[in-house]
Structure formats: C-alpha cells, structure tokens
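# Understanding the architecture of this molecule
Residues per chain are reported as follows:
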Amino acid sequence: MVEPWIIITIAAAFFQNLRSALQKHLKGRLSTTGAGYSRFIYALPVAAAYLGLLLWAGDHPLPAANARFLWFCLFGGICQILFTVCLLWMFSFQSFAVGTTFSKLEVIMVAVLGAILLGDYLNAWAVLAIVISSLGVVALSLGQNRLTLRGMLDGVLRRPTLIGLVCAAWLGGSVVFYRGASLALGHDDFVVSAALTLFVSLAIQTLLMGGYLVLREPGELGRVLRHWRWAGAAGLAGALASICWFTAFTIQNASFVRAVGQVELVFTFVATTVFFREKVSTAEVAGIVLVCGGIILLVLYG
C-alpha cells in the first residue's frame, strides 16, 4: 500500500507544475518580482479558508503558537524570499547555466540541514537514493542547458555557480524551517499543524514582499491586483501545492518529500516530449531515468 505522504507529494508536484505554467501567462504583464508576489498574496486567502474549514469540520481548537513555531515560520519565509532573490540575481549573469544546475541540489541541502536542525535520520538506502536522484537532476539540467560535463566543471568556481549553491541552501533552509515550525506546534492533527504553518508563513511573506514592492517597485502592487484573473489562478494552484507540500513535510522527513517531489521533472519531461514533441538529449533521458530510479529506491527502502 502506498503511504499517504507519497500521494500528497505527487499531488504537490503536480500543482506546482500547474502554477509554473499559469505564471508564464503573467510574463510581460508583471515584473518577475510581481509575478512571484502573486503566489503569496493570492494564496493567503485560500490558506486562511482552508485552515478555517479544517477547524470547523474537525471541531479542533486552534493550535497554540509558541516562540519556536513563530521563529521557524519567519526564518522559513525569509529563506524562501532570499532564494527567489538569489535566483533572479543569478539570471543576470551571462553564464548562469552552471549556476542553475547547482541551484537544483536543494534535496541534499534539505538532508544536511534537516539532520543538523531537526535531527532527521537518513539510513544508507535513503542517502543513496537522494544522491542518485540528485545526479539525475544535474544530468537533466545539463541536457536542458546544452552543457557538457567539462563545461560544468570549468564553471564550478565562477560566481553564478556559488550563487546557485546559495540558492539551493536558501531553498533547503526554507523547507527544513517549515517542517520544524509544523512539528513545534506539537498538535495531534498533522493536517491542522501544516495548515496553520502555511497560513502564518504566507502572511509573513505577503507583508515582507508587499513592503518591498511598495518601496522598490512603485505601481507593481497595483498591477498585481489588476491582473487578478491569471495571478489569482497561479496563486490558487500555488496554494494547493503548498497545502500538499506542508502536509507532507509534517508527516515525513523533508528530504524524502523533496526527493519524491522531483517527479515534477518527470511531468515536465512528459509534457515536453508527448504534447510539445520537442527533441530531448541523451543527458535528459539519462537524468529522468536516474531521478525515477532514485525515487523508486527511496520509496522501497528509505
């Protein structure tokens, strides 16, 4: 029998893929930061309604927030914002392809930070599965960016590569802090814990990024509100993805969740080859095989 967290993670990957597709329609209408902000401001009311529905339907009291929970939500929210900022900065360099490849290694960062901050344990099979799937992600990225292994090695010490690693660290940190926040509540119902963590984190991110837009990009907040149809659709898909991610993080080791969540790359690969009939390289095929192999190994023996 398939464990619930696996099904929830696959659903999260699907909705995240959908959100990314919807955000493409905002290109040219909103700035990159504005498009990113739409995922927070329009997801917040969905998260609030979801939390309220859970509390009403289950007749549960609202979990009591504590200092550890609030700090973890704050750190998680900031890490996710810094990840976005670093990613945008990396794209400003001409040779950002190698950096992009290294930015996709957040699963390894999640495993390391989870062990340090939360004491999450990984057995040897889980470590092997994460390494295999991460190699698959690197191979897939090399193929998509038309990079050779030599080209990647030549760019290892360049600034975009270091920024890519920092991106992976920020994203990994956000995942671990969100899991830590949910666990810090000590609530019996993991679904409610995940829902409250999501709502508080989104509220923090909406305030922080909203303040940034007002100060640094005057008028952009108004454009985010004017394009509410596509932005709202992207926010809804993002909220559904986050609900699934946060629930899965609460149930299972975050590195397991992010590793299985790489099935999103498989969704994209299938769409590219089946629906858009684009040619794929040998490296991309090898990458998908490694990602799938790592996921299967993790599910069976992790």
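Above this note sits the structure.
In what follows, the accompanying structure is described. (Residues numbered from 1 in each chain as written. Predicted model: local features only at pLDDT ≥ 70, side-chain atom pairs only at ≥ 80, totals over all residues. Heavy atoms only, no water.)

### A closer look at helix H3 (residues 43-58)
- Across its 16 residues, H3 extends 22 Å between first and last C-alpha, which sits within 8% of the 22 Å expected from 1.5 Å per residue.
- Those residues of H3 that fall on the buried side of the exposure criterion are Ala 43, Leu 44, Ala 47, Leu 51, Leu 54 and Leu 55. The buried residues of H3 occupy an angular sector of 105° when projected down its axis, which confines them to one face. Exposed side of H3, more than 90 degrees from the buried face: Trp 56 and Ala 57 are the residues found there.
- A positive phi of about 55° marks Asp 59, the residue just after H3. (Helix = DSSP H or I, 4+ residues; strand = E, 2+ residues; numbered from the N terminus. Expected span 1.5 Å × (residues − 1). Buried < 20%, exposed > 50% of the residue type's maximum accessible area, 1.4 Å probe, protein only. Arc of directions from axis to C-beta.)

### A short note on the environment of Leu 62
- Relative to the assigned elements, Leu 62 resides in the loop between H3 and helix H4 (67-91).
- When the C-alpha atoms of Leu 62 and Val 192 are compared, they prove to be 8.1 Å apart, with 130 residues separating the residues in sequence.
- Apart from the residues within four sequence positions on either side, Leu 62 is in contact with Leu 51, Leu 55 and Leu 196. (Contact = heavy atoms within 4.5 Å.)

### Focus: the pattern of salt bridges
- Applying the stated rule across the entire model yields three salt bridges.
- With a closest N to O distance of 3.0 Å, Arg 258 and Glu 106 form a salt bridge. In this pair, Arg 258 sits in helix H13 (residues 254-260) while Glu 106 sits in helix H6 (residues 106-118), placing the two residues 152 residues apart along the sequence. Pair check on accessibility: Arg 258 and Glu 106 agree, each one buried.
- Between Glu 220 and Arg 223 there is a salt bridge; the shortest N-O distance is 2.9 Å. (Salt bridge = Lys/Arg side-chain N within 4 Å of Asp/Glu carboxyl O.)

### Regarding the packing of helix H1 (residues 4-24) against helix H12 (residues 228-251)
- The interhelical angle for the contact between H1 and H12, taken along N-to-C directions, is 160°, at an axis separation of 8 Å. Our classification of the angle between H1 and H12 gives roughly antiparallel. The hand of the H1/H12 crossing is left-handed. Residues Trp 5, Ile 8, Thr 9, Ala 11, Ala 12, Ala 13, Phe 15, Gln 16, Leu 18, Arg 19, Leu 22 and Gln 23 of H1 lie in contact with H12, whose contacting residues are Trp 230, Ala 233, Ala 234, Ala 237, Gly 238, Leu 240, Ala 241, Cys 244, Trp 245, Thr 247, Ala 248 and Ile 251.
- For the contact of H1 with H12, the per-class residue count stands at 18 nonpolar, five polar and one charged. (Axes fitted to C-alpha atoms, helices over the stretch in contact; angles between N-to-C directions. Parallel < 35°, antiparallel > 145°, perpendicular 65-115°, else oblique. Left-handed = near helix turned anticlockwise from the far one by under 90°. Nonpolar A, V, L, I, M, F, W, Y, C, P; charged D, E, K, R; others polar.)

### Details of the nonpolar core
- Ranked by internal contacts, the top residues of the largest apolar core, which has 55 residues, are Leu 202, Trp 245 and Leu 298.
- When residues of this core are assigned to their parent elements, the largest contribution, nine residues, is made by H12.
- Of all hydrophobic cores here, the second largest spans 16 residues; its members include Phe 72, Phe 177, Ala 181 and Leu 185. (Core = buried A, V, L, I, M, F, W, Y, C linked by side-chain atoms within 4.5 Å.)

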